[in-house]
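Structural overview
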Amino acid sequence: MSAPQAHHTLTLDAIRTCLEGVIPATIATVAPDGTPNVSQLSQVHYVDPGHIALSYQFFNKTRANILDCRDALLEVIDPSTGAQYRLRLAYLRTETDGPLFESMKAKLSGIASHVGMAEVFRLRGADLFWVTEIEGVPGGRPLPARMRPRSLLSAVRRACEGLRGCADLSDLLDRAIVALRDLFGVEHALILLPDTASGRLFTVAALGYEASGEASGRGSGIGWEVAPGDGVIGVAARERVPIRITHMTTDVAYSMAMRQGTEAGPLREIPFPGLERPHSQLAVPILAHEAGDGCGRLAGVLAGVLFVESTQEMRFTYDDEDALATLAAQLGALMRSLPMVPAPTTEAEVEDTPAKTVAAPAGGQPITVRHYASDDSVFLDHDYLIKGVAGAILWKLVRDHTALGRTDFTNRELRLAPDIPLPDFAENLEARLILLQRRLDDRRGPLRIEKTGRGRFRLLVETPLRLEEMQ
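Summarised in this report is the structure supplied together with it. Note that residues are indexed from 1 along each chain, following the sequence as it is written. Restriction of local features to residues with pLDDT of at least 70 applies here, the model being predicted, together with a cutoff of 80 or more for giving and counting side-chain atom pairs; totals for whole chains, interfaces and linings are based on all residues. With hydrogens and water set aside, each side-chain value is computed from the structure's full complement of heavy atoms.

**Looking at the packing of aromatic side chains**
We apply this condition: Ring pairs are drawn from Phe, Tyr and Trp, using the six-membered ring of Trp, whenever the two centres fall within 6.5 Å, and their geometry is named by plane angle: stacked under 30 degrees, edge-to-face over 60, tilted for the rest. Numbered from the N terminus, helices here are DSSP runs of H or I no shorter than four residues, and strands are runs of E no shorter than two. Buried residues are those whose accessible area, probed at 1.4 Å on protein chains only, stays under 20% of the maximum for their type, while exposed residues exceed 50% and partly exposed ones sit between those limits. Note on geometry: a ring has a charge over it if NZ (lysine) or CZ (arginine) is within 6 Å of the ring centre and within 35 degrees of the ring normal.
Tallied over the entire structure, the rule returns four aromatic pairs. A ring pair is formed by F409 and F457, whose centres lie 5.9 Å apart and whose planes are at 20°; its orientation type is stacked. One end of the pair, F409, is in strand β19 (residues 408-410); the other, F457, is in strand β21 (residues 456-461), and 48 residues separate them in sequence. Under the relative-accessibility criterion, F409 is labelled buried at 0%. Residue classification places F457 among the buried positions, given a relative accessible area of 5%. In this structure an aromatic cluster arises from ring pairing among Y372, F379 and Y384. It is R16 that lies over the ring of Y46; its NZ or CZ is 4.0 Å from the centre. Across the ring face of Y56, the terminal group of R63 is positioned such that the distance to the ring centre comes to 3.6 Å.

Pasting the structure below:
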């Protein structure tokens, strides 16, 4: 994107509302013989203050003219005021992969589902243009601009201030969820962290979903997993770019693929907790450090994904995207400084807690804890609870409790335990303990975990346990 910057009064940032896709844009091109052609576009994508991208879905007359003459005239309309603007464009190149292409592909799929044309709208490329001039279309009387319900700049400032001084990762996640609710007015949100061993992301914090699935059957979402590239969350994680869909339906929406895949999957999965009928979604990657790689992609270690959704169309605008991207950057910096994956606790910092012997709880029906060695999945009676590293941790805790009467444990001993499959790099033990603790709280059963100090925690057992090891 080395083209010189245009000099004009109007800027793309000033008319960015016109690029939300609510009202289709109109593009005019000219053939080499001077024949004009006018057509409508399903998506105009803001790239930066000097560039936009248009979706290339099929080879038509408009695209043939652009490739021949290299310029076009685009007319866009502000959906809230009715003001119209003309943009003069110079074609630069077509991208068929990478973050720009994937972002447009996700958004286009949401738009296509809204009009029932998911099978027709298949993105083949992202045509990148330099905006050489912007002018207002004379005539008409635009409506007053819509008042924003809150100051997002103030919300970002207060949220970032509220995240300072967090005691640990769990505290940071809780404060972030509170900020989303109280400062940004978000009603439904998830925060997911990556599992370096499997490459998947797992949910450790949620807002606005049914606890334990009592009403919806989907649960609160804690422990739900998504693979890179699946839905808006997976694409945001894989490409390291925010993915925002402003209007959609449930029939063939892009993000519904991850829900359908979960519901059709094996028994040992936690259902996706999302809304049945979302009309706006935004997924923002959380990076441990952020820097450009020269091609528009953000470099850095993926520390998680922040996801919000709503039943309201156009709930999350480009301002919301910028604000939550700023919040995500702060989360990434704090996760790195906490750090999210701290070095192993030394003996000088935490002394091993002596095993504590307690009598088995009197009365109550025993609960069966069933462990499957193949994937370390754990069931309480016949209900799936958790799997993977978190499942292996829980299985060790209940074994030691049943055999030795132990209730108190340390993070250090878990790191040294040979039967817990922590990877040699980025072992994220703390994140898995948070996941386990919140899954048990979500279940509201006879097992719980409480923190008792730095690097220490206690297993609370309210009924006798019957352990079963399965292959």
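**Things to note about the sheet that holds strand β11 (residues 243-245)**
Note the threshold: Paired strands, in this sense, are two strands between which DSSP finds at least two bridges. Every residue pair with non-hydrogen atoms within 4.5 Å of one another is taken to be in contact. For helices, the axis comes from a line fit to the C-alpha atoms of the stretch in contact; other axes are also lines fit to C-alpha atoms, and the angle between any two N-to-C directions lies between 0 and 180 degrees.
Strand order in the open sheet formed by six strands is β10-β9-β8-β15-β12-β11, with antiparallel pairing between adjacent strands. Looking at the sheet topology across the chains shown, the edges are occupied by β10 (225-226) and β11. Relative to β10, strand β9 (residues 201-207) runs antiparallel, the two being bridged by two bridges. Directly across from L201, in β10, lies its bridge partner V226. Contacting β8 (188-194), β11, β12 (280-287) and β15 (302-310), helix α7 (residues 318-337) crosses the sheet at an angle of about 30° to β12.

**Section: helix α4 (residues 169-182)**
Put simply, the test is: To estimate the expected span of a helix, count its residues, drop one, and scale the result by 1.5 Å. Polar contact is the term for a pair of N or O atoms within 3.5 Å; when the atoms are in protein, one must be able to donate a hydrogen and the other to accept it, and sequence-neighboring residues count only if both atoms are side-chain atoms.
Between the first and last C-alpha of α4 there are 20 Å, a value that for 14 residues agrees with the 20 Å anticipated at 1.5 Å per step. Of all the positions in α4, only L169, S170, L172, L173, A176, I177, A179 and L180 are classed as buried. Sitting at the amino-terminal end of α4 is D168, which places a side-chain oxygen 3.3 Å from the backbone nitrogen of S170.

**So, unusual backbone geometry**
Positive phi values are uncommon outside glycine, yet R70 reaches one of about 70°. Its location among the elements puts R70 in the loop between α1 (61-69) and β5 (71-77).

**Looking at the pattern of salt bridges**
Rules: Salt bridges are defined as contacts in which a side-chain nitrogen from Lys or Arg sits within 4 Å of a carboxyl oxygen from Asp or Glu.
Inspection of every chain in the model, using the stated rule, returns 29 salt bridges. In this structure, K451 engages D168 in a salt bridge whose closest nitrogen and oxygen atoms are separated by 2.6 Å. In this pair, K451 is assigned in strand β20 (residues 447-453) and D168 in the loop between α3 (152-163) and α4, connecting sequence segments 283 residues apart. When its relative accessible area of 52% is taken as the criterion, K451 is described as exposed. Given the relative accessible area of 21%, D168 is considered partly exposed. Ionic pairing is found between K396 and D400, a salt bridge with its closest N-O pair at 3.1 Å. One end of the pair, K396, and the other, D400, are both in helix α8 (residues 388-404), four residues apart, so they sit about a helical turn from each other.

**Structural notes on the nonpolar core**
Let me state the cut-off plainly: For the purposes of this section, nonpolar cores are sets of buried Ala, Val, Leu, Ile, Met, Phe, Trp, Tyr and Cys residues that join through side-chain atoms within 4.5 Å.
In terms of nonpolar packing, the biggest core is built from 71 residues, with L180, F184, L324, I393, L397, L436 and L447 touching the most fellow members. Beyond its immediate sequence surroundings of up to four residues, L324 is in contact with L180, F184, L282, V284, L306 and V308. In terms of nonpolar packing, the next biggest core, distinct from the first, is built from 25 residues, A106, L190, V226 and L302 among them.

**A few points about the packing of α3 against α7**
Threshold: Each angle receives one of four descriptions, namely roughly parallel if under 35 degrees, roughly antiparallel if over 145, roughly perpendicular if within 65 to 115, and oblique otherwise. Left-handed describes a crossing in which the near helix is turned anticlockwise from the far one by less than a right angle; the clockwise case is right-handed. When residue character is reported, Ala, Val, Leu, Ile, Met, Phe, Trp, Tyr, Cys and Pro are called nonpolar, Asp, Glu, Lys and Arg charged, and the others, Gly included, polar.
Closest axis-to-axis distance for the α3/α7 pair is 10 Å, and the angle between their directions is 15°. By the angle between their axes, α3 is roughly parallel relative to α7. Taken as a pair, α3 and α7 cross one another with a handedness that is right-handed. On α7, the residues that touch L152, V156, A159, C160 and L163 of α3 are D319, D320, A323, T326, L327, Q330, L331 and L334. In terms of residue class, the contact of α3 with α7 is built from nine nonpolar, two polar and two charged.

**Considering the packing of α8 against helix α10 (residues 429-443)**
Packing of α8 against α10 brings their axes to within 9 Å, and their N-to-C directions diverge by 70°. Judged by the angle between their axes, α8 and α10 are roughly perpendicular. Seen from α8, the contacting residues are V389, A390, I393, L394 and L397; seen from α10, they are L429, R432, L433, L435 and L436. Tallied by class, the residues present in the contact of α8 with α10 amount to nine nonpolar, no polar and one charged.

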